Amino acid sequence: MIRFDRFPQGKHKAVTLSYDDGREFDRRMVEIMNRHGIRGTFHLNSSRLSLPGHVESAELADLFDGHEVSAHTVNHPFLHMSPPETIATETLNDRRELENLIGYPIKGMSYPYGSWNQEVVAILRATGMEYARTTQSSGVFDMPADFLAWKPTCHHREMLAFAQKLIDLQMKHTRMALLYVWGHSYEFDNDGNWQQLEQFCRLVGSQKDIWFATNSEIVGYMQAIQRLRCSASGQLVHNPSAISVWFSVNGNAVEVQAGETRKLAHC
């Protein structure tokens, strides 16, 4: 029996970080994350780049190399109180400016102030956005039903407790378990608790059974799973995507590489 319960390399667990506003403290945060192999997504307002206290436009590609730059709107408005035209232009113009600086398409964002509703979601979907993170913590490791209303697991105030829960999690019924942490890098400086981030990165970074990914990589991987083509018998699986996909067959991890059609035994 095929079960879609695996991240890359056949892992069941994943961790991603998601940070807003592009403040200067992102530099210290990235340095800590890089030392421990932790990866994440940084949501930026293009109008605030190079302002005092913010990261510089010219440093984005180098600073966030190995991570993801994502949108956060141009001017950080309350989207749920904005007209449709503003919602569309704030997101599209932010994407356009950031894409010019980093050189790859941006297909996701985080909601400024956590402000969103179903009208906002519909507009983002129509403009080609693939994910958007809220500020409503779910407290669980579940994958979202709708990536445009993506609830993180927790704010970083709770990151250590949830990290330990993820590490201790026993997969009685195998599934994908994602720890999604969000926040603002300046909060570590305001609270004087950079050691919390160090401890978290050291703790999860030492785990060999965790996939460390950006927000967009998680979305792209889940899209690749959805594109798998299975035969009626369940014995043939074709992967039309450009990345390998993993799943389990009767509890055993199976990889189907990009473009491969694989015959499964004992389905």
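Please refer to the structure placed before this passage.
Quick caveat: nothing in here was measured; it's all calculated off a predicted structure. (Residues numbered from 1 in each chain as written. Predicted model: local features only at pLDDT ≥ 70, side-chain atom pairs only at ≥ 80, totals over all residues. Heavy atoms only, no water.)

(A) Main features of the packing of aromatic side chains. Summed over the entire model, instances satisfying the criterion amount to 13 aromatic pairs. Considering the side-chain rings of tyrosine 111 and tryptophan 116, the 5.8 Å spacing of their centres and the 20 degrees angle between planes classify their relative orientation as stacked. With a relative accessible area of 0%, tyrosine 111 lands in the buried category. Here the aromatic rings of tryptophan 150 and tyrosine 180 are separated by 4.8 Å at their centres, their planes lie at 80 degrees, and the arrangement is edge-to-face. Of this pair, tryptophan 150 sits in the loop between strand E6 (131–133) and strand E7 (154–155) while tyrosine 180 is found in strand E8 (residues 177–183), placing the two residues 30 residues apart along the sequence. Assigned by exposure class, tryptophan 150 and tyrosine 180 land together as buried. Three or more aromatic residues joined by ring pairs form one cluster here, namely Tyr131, Phe147, Trp150 and Tyr180. (Phe/Tyr/Trp six-rings, centres within 6.5 Å; stacked < 30°, edge-to-face > 60°. Buried < 20%, exposed > 50% of the residue type's maximum accessible area, 1.4 Å probe, protein only. Helix = DSSP H or I, 4+ residues; strand = E, 2+ residues; numbered from the N terminus.)

(B) Broad picture of unusual backbone geometry. Look at serine 50: it is not a glycine, yet its phi comes out positive at around 75 degrees. By secondary structure assignment, the location of serine 50 is in the loop between strand E3 (40–44) and helix H2 (60–63). One non-glycine residue, histidine 76, lies in positive phi territory at about 60 degrees. For histidine 76, the position within the fold is in the loop between strand E4 (68–71) and helix H3 (84–102). Take histidine 76: its relative accessible area is 8%, and that puts it in the buried class.

(C) Quick peek at the nonpolar core. Counting 50 residues, the largest nonpolar core has Leu17, Met29, Tyr111, Leu179, Leu197 and Phe200 as its most contacted members. With five residues, helix H7 (residues 194–205) is the single largest residue contributor to this core. If near-sequence neighbours (up to four positions away) are discounted, leucine 17 is found in contact with Met29, Met33, Ile38, Arg39, Gly40, Thr41, Val181, Leu197, Phe200 and Asn215. By size, the runner-up hydrophobic cluster in this structure holds 25 residues, among which are Phe7, Phe147, Leu228 and Val249. (Core = buried A, V, L, I, M, F, W, Y, C linked by side-chain atoms within 4.5 Å. Contact = heavy atoms within 4.5 Å.)

(D) Inspection of the sheet that holds strand E12 (residues 245–249) at higher detail. The strand order across the open sheet formed by three strands is E1-E12-E13, and the pairing between neighbours is antiparallel. The open sheet is flanked by strand E1 (2–3) and strand E13 (252–256), the only strands paired with a single partner. Sheet analysis places E12 next to E13, joined by five bridges and oriented antiparallel. Bridge pairing links serine 248 to alanine 253 in E13. (Pairing = 2+ DSSP bridges.)

(E) Here's a closer look at the packing of H3 against helix H4 (residues 118–126). Packing of H3 against H4 brings their axes to within 10 Å, and their N-to-C directions diverge by 50 degrees. With respect to H4, the axis of H3 lies oblique. As for the relative orientation of H3 and H4, their crossing is right-handed in sense. Of the residues in H4, those in contact with Pro84, Ile87, Ala88 and Thr91 of H3 are Glu119, Val120, Ile123 and Leu124. Partitioning the contact of H3 with H4 into residue classes produces six nonpolar, one polar and one charged. (Axes fitted to C-alpha atoms, helices over the stretch in contact; angles between N-to-C directions. Parallel < 35°, antiparallel > 145°, perpendicular 65-115°, else oblique. Left-handed = near helix turned anticlockwise from the far one by under 90°. Nonpolar A, V, L, I, M, F, W, Y, C, P; charged D, E, K, R; others polar.)

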